[in-house]
Amino acid sequence: MTAARRRERAALRLEGVGFVFQAYNRLDALTARENVELVMNMAGAKGRHAGERAVELLTMLGLERRFDHLPAGLSGGENQRVTIPPSSCTITCVDGRGTLAAGT
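Residues numbered from 1 in each chain as written. Predicted model: local features only at pLDDT ≥ 70, side-chain atom pairs only at ≥ 80, totals over all residues. Heavy atoms only, no water.

### Let's talk about the pattern of salt bridges
A side chain with one charge may pair with a side chain of the opposite charge, provided their charged atoms come close. Note the threshold: Take a side-chain nitrogen of Lys or Arg and a carboxyl oxygen of Asp or Glu: if they are within 4 Å of each other, that pair is a salt bridge. For helices the rule is a DSSP run of H or I covering at least 4 residues; for strands it is a run of E covering at least 2, with both sets numbered from the N terminus onward.
As enumerated under the stated definition, the model contains four salt bridges in all. Here Asp 28 ties to Arg 26 by a salt bridge, and the two come within 2.5 Å at their closest N and O atoms. Arg 53 serves as the salt-bridge partner of Glu 56, at 2.7 Å between the closest nitrogen and oxygen. Of the two residues, Glu 56 and Arg 53 both sit in helix H3 (residues 47–60), three residues apart, roughly one turn of that helix.

### Some details on the environment of Ala 43
Among the structural elements, Ala 43 can be located in the loop between helix H2 (32–42) and H3. A sequence separation of 32 residues divides Ala 43 from Ala 11, and the C-alpha atoms of the two residues are 8.2 Å apart.

### Here's the deal with the packing of H2 against H3
To keep things clear, this is the line we draw: For helices, the fitted line uses only the C-alpha atoms of the stretch in contact; every axis is such a line through C-alpha atoms, and the angle between N-to-C directions lies from 0 to 180 degrees. The scheme is simple: roughly parallel for angles under 35 degrees, roughly antiparallel for over 145, roughly perpendicular for 65 to 115, oblique for anything else. Here is the rule for handedness: rotate from the far helix to the near one, and if that takes an anticlockwise turn smaller than a right angle the crossing is left-handed, while a clockwise turn gives right-handed. In this description, contact between two residues means that some pair of their heavy atoms is separated by no more than 4.5 Å. Each residue receives one of three labels: charged for Asp, Glu, Lys and Arg, nonpolar for Ala, Val, Leu, Ile, Met, Phe, Trp, Tyr, Cys and Pro, and polar for the others, Gly being one of them.
The contact between H2 and H3 brings their axes to 9 Å, and the two run at 125°. What the angle tells us is that H2 and H3 run oblique. Viewed along their axes, H2 and H3 form a crossing whose handedness is right-handed. Along its contact with H2, which presents Ala 32, Arg 33, Val 36, Glu 37, Met 40 and Asn 41, the element H3 presents Gly 47, His 49, Ala 50, Gly 51, Arg 53, Ala 54, Val 55, Leu 57 and Leu 58. Split into classes, the residues belonging to the contact of H2 with H3 amount to eight nonpolar, four polar and three charged.

Purely spatial values, then, with no claim about function.
Take a look at the structure:
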């Protein structure tokens, strides 16, 4: 595998494919909005665009009243939704056994 192919795959994972794990993989000191904005910044979005997109995505995921909550103030399901990558347009749900959840 070439370095270019590794970079392409890393970019695809950052920008187009996301996984939601039981472990939340977010920063405890950042709010829900800040956690999403951080990933947006890593994907190349900056400033106002990252903030606006974070609000849009969190609203889409039913977290419009939870933007400014720290992870400790969110439920398990809310924490999982915060970790859904900002670029995701298709969300595939997988249960704890690694099988597709019903209705996806």
